[in-house]
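Summary of the model geometry
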Amino acid sequence: MAAQEGGALATVEEHGFPATYMSMETEGGNNDDKELPIYESSVIPGWFSEISPMWPGEAHSLKVEKMLFQGKSDYQDVMVFQSSTYGKVLVLDGVIQLTERDECAYQEMITHLPLCSILNPKKVLVIGGGDGGVLREVSRHSSVERIDICEIDKMVVDVSKEFFPHIAVGYEDPRVTLNIGDGVAFLKAVPEETYDAIIVDSSDPIGPAQELFEKPFFESVAKALRPGGVVCTQAESIWLHMQIIEDIVANCRQVFKGSVNYAWTTVPTYPSGVIGFMLCSTEGPHVDFKHPVNPIDATCCHNKEKQPLKFYNSEIHSAAFCLPSFAKRVIDSK
Ligand code: SPD
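Here's a quick rundown of the structure. (Residues numbered from 1 in each chain as written. Predicted model: local features only at pLDDT ≥ 70, side-chain atom pairs only at ≥ 80, totals over all residues. Heavy atoms only, no water.)

The subject of this paragraph is the site of the ligand. Around the ligand lies a shell of 13 residues, among which Gln107, Asp131, Asp201, Ser202 and Asp204 are the nearest. Tyr106 places a side-chain nitrogen or oxygen 3.4 Å from a nitrogen atom of the ligand. Asp131 places a polar side-chain atom, nitrogen or oxygen, 2.6 Å from a nitrogen atom of the ligand. Contact with the protein chains covers 98% of the free accessible surface of the ligand, which is 340 Å². One can see that the ligand is located within the largest pocket. Contributions of two or more residues to the shell around the ligand are made by strand E6 (95-99) and helix H1 (103-115). Here the residues of the shell around the ligand are counted per class, giving 6 nonpolar, 4 polar and 3 charged. (Near = heavy atom within 4 Å. Polar contact = N/O pair within 3.5 Å; in protein donor to acceptor, adjacent residues only side chain to side chain. Areas by Shrake-Rupley, 256 points an atom, 1.4 Å probe, with all protein chains shown as cover. 1 Å grid on protein atoms, 1.4 Å probe; cavity = no way out; pocket = protein on both sides within 12 Å on 5 of 7 lines; lining within 4 Å. Sits in = over half its atoms within 2 Å of the grid points. Helix = DSSP H or I, 4+ residues; strand = E, 2+ residues; numbered from the N terminus. Nonpolar A, V, L, I, M, F, W, Y, C, P; charged D, E, K, R; others polar.)

Here we come to the side chain of Asp131. Along the chain, the position of Asp131 falls in the loop between strand E7 (123-128) and helix H2 (133-138). One buried charged side chain, Asp131, makes no salt bridge at all; its nearest oppositely charged neighbour is Arg136, positioned 7.4 Å away. A distance of 2.9 Å separates a polar atom in the side chain of Asp131 from the backbone nitrogen of Gly133. In contact with Asp131, other than residues within four places in its own chain, are Leu90, Leu98, Gln107, Val156, Ser160, Ile167, Ala168, Tyr171 and Asp201. (Buried < 20%, exposed > 50% of the residue type's maximum accessible area, 1.4 Å probe, protein only. Lys, Arg positive; Asp, Glu negative; His and termini not counted. Salt bridge = Lys/Arg side-chain N within 4 Å of Asp/Glu carboxyl O. Contact = heavy atoms within 4.5 Å.)

What follows deals with the layout of surface pockets. Considering only enclosed or pocket space, the largest pocket measures out at about 510 Å³ in volume. Around the largest pocket sit 38 residues that line it, and Gln97, Asp201, Ser202, Ser203 and Ala209 are the ones nearest its centre. Taken together, the elements giving at least two residues each to the lining of the largest pocket come down to strand E5 (88-92), E6, H1, E7, strand E8 (146-151), helix H5 (183-188) and strand E13 (274-281). The greatest single-element share of the lining of the largest pocket, amounting to 4 residues, is contributed by E6. By residue class, the composition of the lining of the largest pocket is 18 nonpolar, 13 polar and 7 charged. When residues are assigned to domains, the lining of the largest pocket turns out to be shared by domain 1 (47-96) and domain 2 (102-332), each giving three or more. (Points joined across faces, edges and corners; volume = space filled by probe spheres on them. Domains from an automatic or database assignment.)

Structure below.
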């Protein structure tokens, strides 16, 4: 990959490994062949460990086969490595965004939960989602005529096209228009009632995505949706982030006058192994998110270049809204 000024793309040979979360070798050299005792719990050479103040005191680790890319964009550190058990992995600012093995569980759910909940979605906006996975999923819906995406970081798009072609394939759909820029500013400029659905595929609320979790952003989303339009936004983990979720739910209940729901899915490589979604609709025709009216199961695979759905189906759609009691209590009380 070529180097670029002011948002440098560079090969791994030009960079050291980020010492804070990565250690490739011990003093004695590569440890790959040594058998580690099962109680080994220190930072393990040759493994990537995901350390963040958003999940203090824990760190999920993946064994690194090969470092493929490290760069620094205007917004964040970007890294791609080949893991030994989850395929290629995309990491932004030290946090796993996707792995080839389990990305389906996130991209299919964040997309089909909203789009299968309304009839004939035509205009769809994706905020974030620069890897293209959500685009790939939106493009399974034949009713959709226009897919706009606003991603802040061009490096994420370029890296995905180079290293994750089965994910970035979403960009090949002629209905897609890519805008590189700030999603908050983009939404402010959108005429009222433009979209049937908006999908906010953000990273965590520290760094460039922070504003995407705040009330003014939700207000812009509501304005940009038609009456009875839907939004689905990445909403963190019930095991780790109940306070963040409480705030999102409270804000959404004030802003969205249709329905407001929380759903979740399992993604083994995300912190705590689960991640949630906030699904809301604007005032207008009622949206019952728990009972999909626009099933995709039978129609998803007409395009031969596309893989069949791996994770989503109508049963898992409804099940995603069933919450454990501790989370249900808090979310229902907001
Ligand atoms: N904790 C990481 C959450 C990342 C959510 N966004 C992933 C982007 C995949 N398209």
